Amino acid sequence: MLTRFLPFLIFPASKPTPKFISYLGRVLPPAVFGLLVVYCLKNVDLLARGHGIPELIAILFVIILHLSFRQMLLSIAGGTALYMLLVQLVF
């Protein structure tokens, strides 16, 4: 419970949010998204038969979702769901 209430105690609504915290709120989501992409693609073998195709399709789907809706969670969940469907049912 302390971790849920602590930000409200440290940064009350009556005071302006520090610039550094606003900066982190702006840059961390894209950084985490980029880290997730690198982590997911680190073991993909593009030379093996059939490998790389479901990943490429899922990446393109994530890009389209993100450009359309600008919702990070929707992009991640949609790409993950499509990738799992491709791997389990198609490839």
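Coordinates for the structure precede this section.
Residues numbered from 1 in each chain as written. Predicted model: local features only at pLDDT ≥ 70, side-chain atom pairs only at ≥ 80, totals over all residues. Heavy atoms only, no water.

Caption draft 1: Here's a closer look at the packing of helix 2 (residues 19-41) against helix 4 (residues 72-90). With their axes 11 Å apart at the nearest point, helix 2 and helix 4 run at an angle of 10° to one another. The angle between helix 2 and helix 4 falls in the class roughly parallel. Here Pro29, Pro30, Phe33 and Leu36 of helix 2 lie close against helix 4, whose contacting residues are Met72, Ser75 and Ile76. Tallied by class, residues from the contact of helix 2 with helix 4 come to six nonpolar, one polar and no charged. (Axes fitted to C-alpha atoms, helices over the stretch in contact; angles between N-to-C directions. Helix = DSSP H or I, 4+ residues; strand = E, 2+ residues; numbered from the N terminus. Parallel < 35°, antiparallel > 145°, perpendicular 65-115°, else oblique. Contact = heavy atoms within 4.5 Å. Nonpolar A, V, L, I, M, F, W, Y, C, P; charged D, E, K, R; others polar.)

Caption draft 2: Quick look at the side chain of Ser75. In this structure, Ser75 sits in helix 4. Taking the relative accessible area as the measure of exposure, Ser75 reaches 0% and is therefore buried. Ignoring anything within four residues of it in the chain, the contact list for Ser75 reads Phe33, Val62, Leu65 and His66. (Buried < 20%, exposed > 50% of the residue type's maximum accessible area, 1.4 Å probe, protein only.)

In short, shape yes, function no, at least from these values alone.
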